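Each chain, written out:
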Amino acid sequence: GNSVTQMEGPVTLSEEAFLTINCTYTATGYPSLFWYVQYPGEGLQLLLKATKADDKGSNKGFEATYRKETTSFHLEKGSVQVSDSAVYFCALSDYNQGGKLIFGQGTELSVKP
Amino acid sequence: KAGVTQTPRYLIKTRGQQVTLSCSPISGHRSVSWYQQTPGQGLQFLFEYFSETQRNKGNFPGRFSGRQFSNSRSEMNVSTLELGDSALYLCASSTGQGTGELFFGEGSRLTVL
């Protein structure tokens, strides 16, 4: 079945450091890929998405490229801020599966001043 | 535009009881999905309702059920509660046109004693 694997956390970085959170997936067909972020005490928010191979999703300085050949969707940011401290989830959605997302385990990011 | 509203935010029950959680989606959204979030299992899909019909279902026992009303509001019910049902239950709404872009509520945190 479909699955998503994320690098384990927690990840601790200093402010302005470069961030990479790895995400790989297993899926039949051509899924859409997402990164969601969960701030403490809140629900999940969509950070970015990509719906086909080689698409690059970007938002708030974060980027991720849909790589079909390596089945990956790694999240990157060039310079993290304290306010980026949160849990990040990689997810996929099969075509025509509506509200059913398959999530990775989540990666907790802590950014220190 | 109001976001997804979940009630109650916190509740405590004892084993064997039942619980009903409520979700009001974003106005105009016809799809409501439910997820269970626990530290051990992460985010797991429970079910999705679209236009009052269950469209997708995850791998949970029959004790977990849901429904959707004509105004798109949804409820989920868990009967015969077990300790392992303690979790954050997240509701997400979408237009139902499947790109997987979900809008999440802040969740209902259930503790089973």
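Residues numbered from 1 in each chain as written. Chains lettered and ligands numbered in written order. Predicted model: local features only at pLDDT ≥ 70, side-chain atom pairs only at ≥ 80, totals over all residues. Heavy atoms only, no water.

**Brief notes about the overall build of chain B**
Okay, step 1: Helices and strands together make up the secondary structure of chain B, namely 0 helices and 11 strands.
Okay, step 2: Starting at the N terminus and walking to the C terminus, you meet the elements of chain B as β-β-β-β-β-β-β-β-β-β-β.
Okay, step 3: Relative to the globule expectation of 13 Å for 113 residues, the C-alpha radius of gyration of chain B, 13 Å, shows essentially globular dimensions.
Okay, step 4: Oriented by its inertia axes, the alpha-carbon framework of chain B measures out at about 40 × 25 × 25 Å.
Okay, step 5: Sequence-distant contacts, at least 24 apart, represent 54% of the contacts inside chain B between residues at least 6 apart.
Okay, step 6: Within the structure as shown, chain B displays about 5300 Å² of accessible surface, and the carbon and sulfur contribution to it stands at 47%. (Helix = DSSP H or I, 4+ residues; strand = E, 2+ residues; numbered from the N terminus. Rg over C-alpha atoms; globule rule 2.2 N^0.38 Å. Contact = heavy atoms within 4.5 Å. Areas by Shrake-Rupley, 256 points an atom, 1.4 Å probe, with all protein chains shown as cover.)

**Examining the packing of aromatic side chains**
All names here are of chain A.
Okay, step 1: This model, assessed by the stated rule, comprises 12 aromatic pairs over all chains.
Okay, step 2: On the numbers, 5.6 Å between centres and 40 degrees between planes, the contact of F62 with Y88 is tilted. With F62 in strand β8 (residues 62-65) and Y88 in strand β10 (residues 86-93), this residue pair connects regions lying 26 residues apart in the sequence.
Okay, step 3: F62 sits in the buried class, given a relative accessible area of 2%.
Okay, step 4: Since its relative accessible area comes to 1%, Y88 is described here as buried. (Phe/Tyr/Trp six-rings, centres within 6.5 Å; stacked < 30°, edge-to-face > 60°. Buried < 20%, exposed > 50% of the residue type's maximum accessible area, 1.4 Å probe, protein only.)

**Notes on the pattern of salt bridges**
All names here are of chain B.
Okay, step 1: Throughout the structure, instances matching the rule amount to 10 salt bridges over all chains.
Okay, step 2: Between E106 and R9 there is a salt bridge, with its nearest N and O atoms 2.9 Å apart. On the criterion of sequence distance, the pair formed by E106 in the loop between β10 (103-104) and β11 (108-112) and R9 in the loop between β1 (5-7) and β2 (10-13) is long-range, its members being 97 residues apart.
Okay, step 3: Accessibility expressed as a relative area gives 40% for E106, which makes it partly exposed.
Okay, step 4: Taking relative accessible area as the criterion, R9 reaches 28% and is therefore assigned partly exposed.
Okay, step 5: Each of R63, E82 and D85 takes part in one network of salt bridges that share partners. (Salt bridge = Lys/Arg side-chain N within 4 Å of Asp/Glu carboxyl O.)

**Some remarks on the sheet that holds β1 of chain B**
Residue and element names in this part refer to chain B.
Okay, step 1: Taken in spatial order, the 4 strands make up an open sheet running β1-β3-β8-β7, and their pairing is antiparallel. Each having just a single partner strand, β1 and β7 (64-68) make up the two edges of the open sheet. Sheet twist, expressed as the average angle between the axes of neighbouring strands with direction ignored, equals 15 degrees.
Okay, step 2: Inspection of the sheet shows β7 paired to strand β8 (residues 74-78) by 5 bridges, in the antiparallel sense. Each bridged residue has a counterpart across the sheet, and for G66 the counterpart in β8 is M76. (Pairing = 2+ DSSP bridges. Axes fitted to C-alpha atoms, helices over the stretch in contact; angles between N-to-C directions.)

**Comments concerning the pairing of strand β7 (residues 56-59) of chain A**
Residues and elements named next belong to chain A.
Okay, step 1: With 4 bridges joining them, β7 and β8 adopt antiparallel strand pairing. When the bridges of β8 are listed, G57 appears paired with A64.
Okay, step 2: Between β7 and β8, which follow one another and run antiparallel, lie 2 residues, and K60 among them has a positive phi close to 55 degrees.

**Looking at the layout of surface pockets**
Okay, step 1: Computed from the structure, the largest pocket encloses a volume of approximately 470 Å³.
Okay, step 2: The wall of the largest pocket is formed by 19 residues, among which Q38 of chain A together with Q37, P39, L88 and R109 of chain B lie closest to the centre.
Okay, step 3: Residues belonging to the lining of the largest pocket are distributed by class as follows: 8 nonpolar, 7 polar and 4 charged.
Okay, step 4: Looking at the second largest pocket, the residues that line it are K100, L101, I102 and F103 of chain A together with L43, Q44, F45, K57, G58, N59 and F60 of chain B.
Okay, step 5: The element that contributes the greatest number of residues to the lining of the second largest pocket is strand β5 (residues 42-50) of chain B, accounting for 3 residues.
Okay, step 6: Its residues assigned to classes, the lining of the second largest pocket comprises 6 nonpolar, 3 polar and 2 charged. (1 Å grid on protein atoms, 1.4 Å probe; cavity = no way out; pocket = protein on both sides within 12 Å on 5 of 7 lines; lining within 4 Å. Points joined across faces, edges and corners; volume = space filled by probe spheres on them. Nonpolar A, V, L, I, M, F, W, Y, C, P; charged D, E, K, R; others polar.)

**Quick word on the side chain of D85 of chain B**
Okay, step 1: Among the secondary structure elements, D85 of chain B is positioned in the loop between β8 and β9 (87-94).
Okay, step 2: At 2.8 Å, the side chain of D85 of chain B forms a polar contact with the backbone nitrogen of E82 of chain B. (Polar contact = N/O pair within 3.5 Å; in protein donor to acceptor, adjacent residues only side chain to side chain.)

**Focus on the environment of L83 of chain B**
All names here are of chain B.
Okay, step 1: Residue position: L83 is located in the loop between β8 and β9.
Okay, step 2: The class of L83 is partly exposed, set by a relative accessible area of 48%.
Okay, step 3: Residues L83 and L43 lie 40 residues apart in sequence; the distance between their C-alpha atoms is 18 Å.
Okay, step 4: Leaving out residues up to four positions away in the same chain, L83 has contacts with R15, V112 and L113.

Fair warning: the whole summary comes from geometry, so function is off the table for now.
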